[in-house]
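Okay, here's what each chain looks like letter by letter:
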Amino acid sequence: MSDSEKNKWPNLEDILQPLEGSNCSDYAVAHATVNVTPFRTFAEVSLLPDILQRMRELGLNRLQRLQSYAWPHLLNGPGHGALIVSAPRSGRTMGYVPPICHVASTILAANRHRREMAVDLFDISHGMGPIALILVPDLPRMEQVAALCSALMPREETVEDMWTVQVTKVLTVPSECTPSFMGAWISEIGVLVATPARFVNACKQGEGLLKLNQLQAVVFDDADLMQQEELELAEQYIPSMAAKHGRPTRKGTHHYPRPQVVTVCQHFTPSLISQLRRFNQHPCLIFGDLLEAALYGGMRLLVNMVGAKDRVAAIVQLLRQRPPAEYRTIIFCDADMQMALLLADLADFEYQCLAYYQTMDLEQLDKVSSWTCDSRGVILVCTDDCPELRVRNAHTIIHYSMSSSWGKFKRRFLFLSDNVPNALISKAAARQPTATNSDQRILDSLVLLDEANARQLPRLVDLMLLRQKLDPNIVAMAARIRKEMNTRKSIVKPLCREILGHGDCRNTRCVDRHYLHEADRHSSAMPCSGDIKVNVLHVYSPGHYCVIVYEHMPPEGKWRDLDPDRNLPALLNLHLTGENVEPPPRYWPPQHQAVCLWKAEPATVAGYSYERVRVLSVPPIENVNVVQSHLMVVVQAMDCSTRRFATECMSLHVCPDEYVAEPPLCMDLRLLGLVNHMGERIWAAKDAETVQDWLDTAPKEHFVQAKVAFSTSHTIFATCMVSMLYLKTVKTFNMHLNLLRAQIEAKMSKRCARTKENILKFFEEHIKLDAPLPKHPKDPPELEYEKDPCEPVRVAKNEHKEQIAESEDRDQSPQSKQDTHKLPARVQRVLDQRLKMLLERENETKTTNAQLEAEQSQSSVMPGESESESESDSAVSKVIPMADFIACFMRCAALDRSEEMETDTAVNSKATAHQISEEAPVQRSKESMQEEPKQTNLEKSHKSKGETLSACAGASSSNAARVVRRASRPLVKYFQTLDALHLQVTMVDERMSYRTRVIRGTSVFFQATPTGASSSCTTEGSTFEFFVNTGIVFKGIQHAMKGRTVYIDLQKANRGFYPTLFVHVKYFQTNYDKTVIEEKWHQRDMKKTNQLMRAHGWGAHKFTAKAESSEETVSETESEDGVERPDYYRRIDMN
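Since we're looking at a predicted model, the values are computed, not measured.

Asker: Report on the overall build of the chain, specifying residues and quantitative values.
Answerer: Counting its secondary structure elements, the chain contains 33 helices and 37 strands. Classification of the 1135 residues of the chain by burial places 47% in the buried group. Across the chain, the fraction of contacts at a sequence separation of at least 24, relative to all contacts at a separation of at least 6, is 72%. Carbon and sulfur atoms form 52% of the exposed surface of the chain, whose accessible area is close to 59,000 Å².

Below you can see the structure in the form of structure tokens.
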């Protein structure tokens, strides 16, 4: 009974998690105030026969070392609590569930027997509430534990005996106390599973009615993942509700003792011991994690970043502080060769060592056994591959090199287990090791790391940051190593939803990505700041929406219409499902971030047969030449919704080229820092329905507006979201509904500063990269443009720009349509008439060549006069008239219209807004220039003024100057390697000067002009330039020119192969010649290597599998076969 009338448990196949080998240990450290005799085999377990039979049916008949200590202690009854410290997926949940089910089933059976044997029900006392209470951190964990308890207890959930007493075996606490839940509470409950927030909420709503007068056991599962405030509040309710009945601890036959408390956590903290002692008379500490046990014993863990030559000096320094004669010392190496070199170095400092190589015999093993009894100042040196060593009483461990896996590294601390002091009893009551006068610490460990063996440093740093502060250099190095390991992964998985919603993930079985990737950076179609107007399509949860963004207002800007193509799904399906149209071919092989079509068979999605999707994750493919129709890939919808789902490759089809470059129609919108009002990580389904009803019942004229904090590739994070109305009578906007405030008032959601901080910290790197520049930034020296003699002189003042902007605002559309690139109908008609006049004037000039030549001959008598006149006009023009600006704007529109007439294609304004590179209109050829008659001095003067204006007239005129500029696009060939992007720019003549640079880290600018050219002698098509956003972050640039070809090498900031977002640009072509040359170089190097090996008699390489796996998860050791990885790129000499 969760949120519905009856319990609906998840499938047991999803609940029973497979154990992880690196977290499971064959050894455990157990400390208690009484002797704990562990179970040796499963046959010794003294649980109820029904529970044992059910465990055998579920395949849970393998006894873990941690469970062998926990079960016998918990079965002793009240007062025998335990603290279980172990890593996730190590069997720690099964360490308490079978004993708890045993206790609950036993008491329920005893109560039923008493009712059956009683003559009068008033003669016996009735229990109320649960027998066992289990508190878990979140809802998925609550469902898992409840399903596991229900599987081990008798299968019937609710039983009504002859006395109509309702007995519920397992019950979960709903978000709101329903009558059925209250009725079950006042009866008998075997096991009650809840989160701390839900338990406290139920206690508040049922104050005076809900009691805990038969509570026998309380379990805090994953206590270190619970919020401290809610955990403390839940702990206050347990003793206060139990104390109302004045129950003594163990006196009287009809009284119940204090409950035994079991705490399960991943990391040990000293405060847990005080809580364990407060509730239990006979507590027990059980450590399945040997490293946590050593830290519990007071071990000091030191990390020293030294080079290979300074390792011996660091060891000698520690040995002088902790002499081997007083502290039994062990040094762990990686291999026997490393041990031999270390023994020679320590011999120079007169330290005696006992080396235990992997090839040692029984005689050498006897020496190690005698060393454990009396070391006599000798240092033991060994490796991880010696499981036969039975050393448990060492004091100092030195890690000369790190282990190959995290599990082997933790197993090293087994050598300290016997010297871990028992904190539950006094030193006088037990024979515990004591510290010497030279050093007050009993246990000590030193880890020596360098660049070569620091693979496990990130995990080690995360563990140490929980307890102490570290050197910032070590923390930075751990972050860099983790980033390098992530970039080397060949399979990129989708970003975890828990990361997007809360900034962290607590699911130990999560297979999604928990690190940033270059594909997470926002695209040009995603607003990253300012305000947006959206249409809400779906409400996934009160903090997660699927929206269509149709207007955007940048900071300190005006509203701009994004004009999303809402008919794109219909046009796509109409194009693919018409008569006599062949279906699109199958898409293979699937690639990460590729856009393709998904066909829903046999049904349709929103009435459409095909839907655009983006590939998020692709499993490894051994041979791309063999099509695997049933290969499962993860995709995300782009147009109808933003749902994620897994599908087979047979349902994917090739998307037409004209629809691939279209931006996604739907986007995810999340409210930053908004969480469930009870602190849980998941909202109830009815909460999303409530928010959807709010939006559906809003007035028809309303629109939703949100404030953007930042955005990623597919998600917009907003700080506020409101529903607005335009009141026509008063001509103003009014807020109809504040979704954030309404959810808080309805006790549905709340703001969480910690969640907001976690999300911002996770996306911090990309937020800095995507942050917009200031309004008037000062270019750094390396990015400043060189002075171009071809550009006109800028003489306009800032005050004139403001005047132009103000006059421009008077002719703009209303507020919702401001700053749009579409011209008003009146201006468009004027431009059409102007274009018609220009065409008529061109026809007249062709028929009056003689008159024009005569006029030109007269004007040629005084060439200096016209030049001086134009120069004086450009130099004196301090104020830009509005008429000249309109004339320049009309001339730009005329050029755009002429381009449409030549290419016979309709320019789509939306596509232009989302283009990666901005291309100037196609310029006229030189032949047409020669046929065109020469212009008069008056036309030259007007043209000079127009060019000067276009360079000086603010933001709009700067765009006009880019359109009017006489420039052509060069032919660019590109080739991508692991470290760089190589461009070859081909020009028409070698007598050209060029300049190129990287702008904002991702964009490339190139411009080439004839040598010695000026603004007065430059002809059309003589200047070559391009500006393209590659989407790749660069750290440097090298360039050189040979002949008429410019070679540009762009060094990548992060190594890897990235999608070429500029492939649709016509003047960019793939350099296939370079691909063939690079392949020949690799074949030649491989041939030389093989010849050299055969010459030395080594033969060919034979790759053999390792003797033991690294025990890493699949995501850390994924195969990278099939990825081109050239060792280096042979560049042209850039000097």
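Asker: An account of the pattern of salt bridges is requested, with residue identities and associated values reported.
Answerer: It is possible for side chains bearing opposite charge to pair when their charged atoms get close. Applying the stated criterion across every chain, the model contains 27 salt bridges. Close ionic contact of Asp504 with Arg681 constitutes a salt bridge, the shortest N to O distance being 2.8 Å. Placement of Asp504 in the loop between α17 (497-502) and β16 (530-541) and of Arg681 in the loop between β25 (674-676) and α20 (685-696) is noted, with a sequence separation of 177 residues between them. When its relative accessible area of 28% is taken as the criterion, Asp504 is described as partly exposed. One salt bridge in this structure joins Asp520 and Arg513, with 2.7 Å as the shortest N-O distance. Each member of the pair Asp520 and Arg513 is classed as buried. Members of the salt-bridge network, linked through shared partners, are Arg92, Arg141, Asp221 and Asp222.

Asker: Could you give an account of the sheet that holds strand β33 (residues 1003-1010), with specific residues and numbers?
Answerer: Taken together, three strands build an open sheet; the order of strands is β32-β33-β34 and the sheet is antiparallel. Looking at strand neighbours, the two that pair on one side only are β32 (992-999) and β34 (1024-1029), the edges of this open sheet. Mean inter-strand twist for the sheet, computed between neighbouring axes without regard to direction, equals 5°. As paired strands, β33 and β34 are joined by six bridges and run antiparallel to one another. Directly across from Ala1008, in β34, lies its bridge partner Phe1024.

Asker: Any details on the sheet that holds strand β31 (residues 980-986)? Residues and values, ideally.
Answerer: Strands sit in the order β35-β36-β31-β30-β37 across an open sheet of five strands; the sheet is mixed. Each edge of the sheet is formed by a strand with only one pairing partner; in this case those strands are β35 (1034-1042) and β37 (1068-1070). Between one strand and the next, the sheet's axes are offset by a mean angle of 25°, whatever the strand orientation. Of the strand pairs in this sheet, strand β30 (residues 971-976) and β37 are connected by three bridges, and their pairing is parallel. Looking at β37, one finds that Val972 is bridged to Phe1068.

Asker: Break down the nonpolar core for me, citing the residues and quoting the values.
Answerer: Ranked by size, the top nonpolar core spans 58 residues in total, and within it Met299, Ile330, Phe413 and Leu457 carry the most contacts. Top element by residues in this core is helix α10 (residues 290-296). It accounts for six residues. Ignoring any residue separated from it by four or fewer positions in sequence, one finds Ile330 in contact with Trp371, Leu380, Cys382, Val391, Ala394, Thr396, Ile397, Ile398 and Phe415.

Asker: Break down the packing of aromatic side chains for me, with residues and values.
Answerer: Within the structure shown, the criterion is met by 20 aromatic pairs. On the basis of an interplanar angle of 15° and a centroid distance of 4.6 Å, the ring pair of Phe710 and Phe717 is categorised as stacked. Using a relative accessible area of 1% as the deciding quantity, one classes Phe717 as buried. Here the aromatic residues Tyr974, Tyr994, Phe1006, Phe1026, Tyr1067 and Phe1068 are joined through ring pairs into a cluster of three or more. The ring of Trp371 has Arg328 sitting right over it, with the charged end atom 5.8 Å from the ring centre. Between Lys533 and the ring centre of Trp559, over which it is positioned, the NZ or CZ distance is 4.5 Å.

Asker: Please give an account of the pairing of strand β11 (residues 329-333) that cites residues and values.
Answerer: With respect to burial, β11 is a largely interior element, five of its five residues being buried. Side chains of β11 alternate between two faces, with Thr329, Ile331 and Cys333 and Ile330 and Phe332 buried alike. Judged from the four bridges that link them, β11 and strand β14 (residues 396-399) form a sheet pairing that is parallel. By the bridge assignment for β14, Thr329 is matched with Thr396. As paired strands, β11 and strand β13 (residues 379-383) are joined by four bridges and run parallel to one another. By the bridge assignment, Ile331 is partnered in β13 with Val381.

Asker: An account of the packing of helix α11 (residues 311-321) against helix α12 (residues 336-347) is requested, with residue identities and associated values reported.
Answerer: Two elements in contact, α11 and α12, have axes separated by 11 Å at closest approach and are oriented at 60°. The angle between α11 and α12 falls in the class oblique. Considering the relative orientation of α11 and α12, their crossing is right-handed. Of α12, the residues touching α11 (which contributes Arg311, Val312, Ile315 and Val316) are Gln338, Leu342, Asp345 and Leu346.

Asker: An account of the side chain of Gln364 is needed here, citing residue identities and associated values.
Answerer: Considering the arrangement of structural elements, one finds Gln364 in helix α13 (residues 362-373). Judged by relative accessible area, which is 12%, Gln364 ranks as buried.

Asker: Explain the packing of helix α15 (residues 457-465) against helix α16 (residues 472-487) to me, and be specific about the residues and the numbers.
Answerer: It is the contact of α15 with α16, at a shortest axis distance of 8 Å, that shows an interaxial angle of 135°. Considered as vectors, α15 and α16 are oriented oblique to each other. Handedness of the crossing formed by α15 with α16: left-handed. Listed contacts from α16 to Leu457, Pro458, Arg459, Val461, Asp462 and Leu465 of α15 are Ile474, Val475, Met477, Ala478, Ile481 and Arg482. Its residues assigned to classes, the contact of α15 with α16 shows nine nonpolar, no polar and three charged.

Asker: So what about empty space enclosed by the protein? Which residues, and what values?
Answerer: Tallied over the entire structure, the rule returns six cavities of 30 Å³ or more. As a volume, the second largest cavity reaches approximately 80 Å³. Taken together, Pro137, Thr195, Pro196, Ala197, Leu225, Met226, Gln227, Glu230, Arg506, Met678, Gly679 and Glu680 make up the lining of the second largest cavity. Here the residues of the lining of the second largest cavity are counted per class, giving six nonpolar, three polar and three charged.

Asker: Outline the pairing of β32, listing residues and values.
Answerer: Across the eight residues of β32, six count as buried, placing the element largely inside the fold. Here eight bridges tie β32 to β33, and the two strands are oriented antiparallel to one another. Paired with Val998 across the two strands is Val1004, which belongs to β33.

Asker: Which residues make up the side chain of His399, and what values go with them?
Answerer: By secondary structure assignment, the location of His399 is in strand β14. Accessibility expressed as a relative area gives 0% for His399, which makes it buried. When near neighbours in sequence (up to four residues on either side) are disregarded, His399 contacts Phe332, Phe409, Arg412, Phe413, Ser445, Leu446, Val447 and Leu448.

Asker: So what about α12? Which residues, and what values?
Answerer: Counted at 1.5 Å a residue, the expected span for α12 with its 12 residues is 16 Å, and the 17 Å between its end C-alpha atoms agrees. Taken residue by residue, α12 has Met339, Leu342, Leu343 and Leu346 as its buried positions. Along the axis of α12, the buried positions cluster into a sector of 105°, meaning they face one direction only. Exposed and facing more than 90 degrees away from the buried side of α12 are Met337 and Leu341.

Rules used throughout
Residues numbered from 1 in each chain as written. Predicted model: local features only at pLDDT ≥ 70, side-chain atom pairs only at ≥ 80, totals over all residues. Heavy atoms only, no water. Helix = DSSP H or I, 4+ residues; strand = E, 2+ residues; numbered from the N terminus. Buried < 20%, exposed > 50% of the residue type's maximum accessible area, 1.4 Å probe, protein only. Contact = heavy atoms within 4.5 Å. Areas by Shrake-Rupley, 256 points an atom, 1.4 Å probe, with all protein chains shown as cover. Salt bridge = Lys/Arg side-chain N within 4 Å of Asp/Glu carboxyl O. Pairing = 2+ DSSP bridges. Axes fitted to C-alpha atoms, helices over the stretch in contact; angles between N-to-C directions. Core = buried A, V, L, I, M, F, W, Y, C linked by side-chain atoms within 4.5 Å. Phe/Tyr/Trp six-rings, centres within 6.5 Å; stacked < 30°, edge-to-face > 60°. Lys NZ or Arg CZ within 6 Å of the ring centre and 35° of its normal. Parallel < 35°, antiparallel > 145°, perpendicular 65-115°, else oblique. Left-handed = near helix turned anticlockwise from the far one by under 90°. Nonpolar A, V, L, I, M, F, W, Y, C, P; charged D, E, K, R; others polar. 1 Å grid on protein atoms, 1.4 Å probe; cavity = no way out; pocket = protein on both sides within 12 Å on 5 of 7 lines; lining within 4 Å. Points joined across faces, edges and corners; volume = space filled by probe spheres on them. Expected span 1.5 Å × (residues − 1). Arc of directions from axis to C-beta.

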